[in-house]
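Spelled out, the chains give:
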Amino acid sequence: EAGVAQSPRYKIIEKRQSVAFWCNPISGHATLYWYQQILGQGPKLLIQFQNNGVVDDSQLPKDRFSAERLKGVDSTLKIQPAKLEDSAVYLCASSLKRVDEQYFGPGTRLTVT
Amino acid sequence: AQRVTQPEKLLSVFKGAPVELKCNYSYSGSPELFWYVQYSRQRLQLLLRHISRESIKGFTADLNKGETSFHLKKPFAQEEDSAMYYCALANSGYSTLTFGKGTMLLVSP
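Notes on the structure in this doc start here. (Residues numbered from 1 in each chain as written. Chains lettered and ligands numbered in written order. Predicted model: local features only at pLDDT ≥ 70, side-chain atom pairs only at ≥ 80, totals over all residues. Heavy atoms only, no water.)

Considerations on the overall build of chain B
- Scanning chain B for helices and strands turns up zero helices and eleven strands.
- For chain B, the N- to C-terminal ordering of α and β elements is β-β-β-β-β-β-β-β-β-β-β.
- A compact globule built from 109 residues should have a C-alpha radius of gyration of about 13 Å, and chain B, at 13 Å, falls within 12% of that.
- Expressed as lengths along the three principal axes of its C-alpha atoms, the size of chain B is roughly 40 × 30 × 25 Å.
- Burial status across chain B gives 43% buried among its 109 residues.
- When the accessible area of chain B is evaluated, it comes to approximately 5,600 Å², of which 50% is carbon and sulfur surface.
- Side chains of chain B carry 13 positive and 9 negative charges; the gap between the two charge centres is 6 Å. (Helix = DSSP H or I, 4+ residues; strand = E, 2+ residues; numbered from the N terminus. Rg over C-alpha atoms; globule rule 2.2 N^0.38 Å. Buried < 20%, exposed > 50% of the residue type's maximum accessible area, 1.4 Å probe, protein only. Areas by Shrake-Rupley, 256 points an atom, 1.4 Å probe, with all protein chains shown as cover. Lys, Arg positive; Asp, Glu negative; His and termini not counted. Charge placed at Lys NZ, Arg CZ, Asp CG, Glu CD.)

Structural notes on the nonpolar core
- Of all hydrophobic cores here, the largest spans 25 residues; its most connected members are W35, L47, L48, F70, L72 and Y85 of chain B.
- Mapped by element, the contributors of at least two residues to this core are β2 (10–14), β3 (19–21), β5 (32–38), β6 (45–49), β8 (69–74), β9 (83–90) and β11 (103–108) of chain B.
- With four residues, the top contributor of residues to this core is β9 of chain B.
- Contacts of F70 of chain B, omitting those with residues within four sequence positions, involve C23, L33, F34, W35, L48, R49, H50, A61, D62, L63 and C87 of chain B.
- Counting 21 residues, the second largest nonpolar core, distinct from the first, contains L77, I79, A82 and L110 of chain A. (Core = buried A, V, L, I, M, F, W, Y, C linked by side-chain atoms within 4.5 Å. Contact = heavy atoms within 4.5 Å.)

Brief notes about the layout of surface pockets
- By volume, the largest pocket is sized at about 730 Å³.
- As for the largest pocket, its lining consists of 30 residues, and the residues nearest its centre are Q37, V89, P106 and R109 of chain A together with Q38 of chain B.
- Elements that contribute at least two residues to the lining of the largest pocket include exactly β9 (88–95) and β11 (108–112) of chain A together with β9 of chain B.
- For the lining of the largest pocket, the leading source of residues is β11 of chain A, giving four residues.
- Residue composition of the lining of the largest pocket, grouped by class: 14 nonpolar, twelve polar and four charged.
- In this model, the second largest pocket occupies a volume close to 410 Å³.
- Across the lining of the second largest pocket, the residue classes tally to seven nonpolar, twelve polar and three charged. (1 Å grid on protein atoms, 1.4 Å probe; cavity = no way out; pocket = protein on both sides within 12 Å on 5 of 7 lines; lining within 4 Å. Points joined across faces, edges and corners; volume = space filled by probe spheres on them. Nonpolar A, V, L, I, M, F, W, Y, C, P; charged D, E, K, R; others polar.)

Section: the pairing of strand β4 (residues 31–37) of chain A
Residues and elements named next belong to chain A.
- With seven of seven residues buried, β4 is to be regarded as a mostly interior element.
- Residues T31, Y33, Y35 and Q37 line one face of β4 and the alternating positions L32, W34 and Q36 line the opposite face, and both faces are buried.
- Connecting β4 to the antiparallel partner strand β5 (residues 44–50) that follows it, the hairpin turn spans six residues, and G40 within it adopts a positive phi of roughly 85°.
- Bridge analysis of β4 against β9 gives seven bridges, and the strand direction is antiparallel. Each residue of the ladder has a partner; that of Q36, found in β9, is Y90. (Pairing = 2+ DSSP bridges.)

Things to note about the pattern of salt bridges
- In total, this model carries seven salt bridges over all chains according to the counting rule given.
- A salt bridge links R49 of chain B to E101 of chain A; its shortest N-O distance comes to 3.3 Å. Of the two residues, R49 of chain B sits in strand β6 while E101 of chain A sits in the loop between β9 and β10 (103–104), which places them in two different chains.
- Given the relative accessible area of 34%, E101 of chain A is considered partly exposed.
- One salt-bridge network, in which partners are shared between bridges, spans R98 and E101 of chain A together with R49 of chain B. (Salt bridge = Lys/Arg side-chain N within 4 Å of Asp/Glu carboxyl O.)

Some words on the interface of chain A and chain B
- The interface is formed by 20 residues belonging to chain A together with 15 residues belonging to chain B.
- Of all residues in chain A, V99, D100 and F104 of chain A give up the largest surface area on contact with chain B, accounting jointly for 38% of the area buried on that side.
- Counting across the interface, chain A meets chain B through one salt bridge.
- Joining chain A to chain B, the criterion identifies four residue pairs in polar contact (both at pLDDT 80 or more).
- Looking at the side of chain A that touches chain B, the element that brings in the most residues is β4 of chain A, giving three residues.
- Classifying every residue of the side of chain A that touches chain B by side-chain character gives eight nonpolar, eight polar and four charged. (Buried area = accessible area lost by both parts, 1.4 Å probe. Polar contact = N/O pair within 3.5 Å; in protein donor to acceptor, adjacent residues only side chain to side chain.)

Take a look at the structure:
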C-alpha cells in the first residue's frame, strides 16, 4: 500500500512569513496526526483529526498555527506568521484504529531564518 | 501529566555487545508503552508494544511498574540496529502518544 505522503519535503522561509504543509494519509485511515519534532526532541503532537473533526488540539499554538482536514482525507497545516522557534520537522501520521499503529510520513523540514 | 524520559542521547556499543536503552515514565493510570525506531533516511515506525510481550528483531522490553520503566534490550547488537529509538506512552483514552526525546544507538563493527 502507498504510504503517507507529505509535501514539500524542505522549506526555508524568513520569520513573519507564512507557510503551509500538505499531508495525504493512507487510504481509509480515519485518524490523522500532525507532529512537530524540534531537533533533539521527540515528536510532539500538535493536532489529531478523526475523519474531518478535531479530536485533540491542546498543544497547537492557535495564535499562529491552523490545520484543516477537508472531506476527511488530505490535511494542511499552516503557520502564520512563522517564528524562529518554529524551525522543526513536521510529521504527519495516519492510523486505521490503534494509536500505536500510526504510519508516519517522511516529514517536512522547516527552517525559519 | 504524563511524561517519558530517555536519559541517554547517545549509546555507542560494539557489535555483539548487549544493549539496553533506558525509558522511564510518569503516569497515574495503567500505562500502555511502545518503542518506535527510525533508521537512517527511513520513516519512524513501531518496533514493539509492551502488551504483546514479543521479541522483534531480537529486541525485548519489559514493563516494570514498580520502577516505572520500560527499557529496551537486546543481548547481541548488530550494526543494522544503529538507529534512533523513541519510547512512547499512550494516554488514558488510548488516542494519543507522548514520545521521549529519543536515544541514538550506534553499533560499531
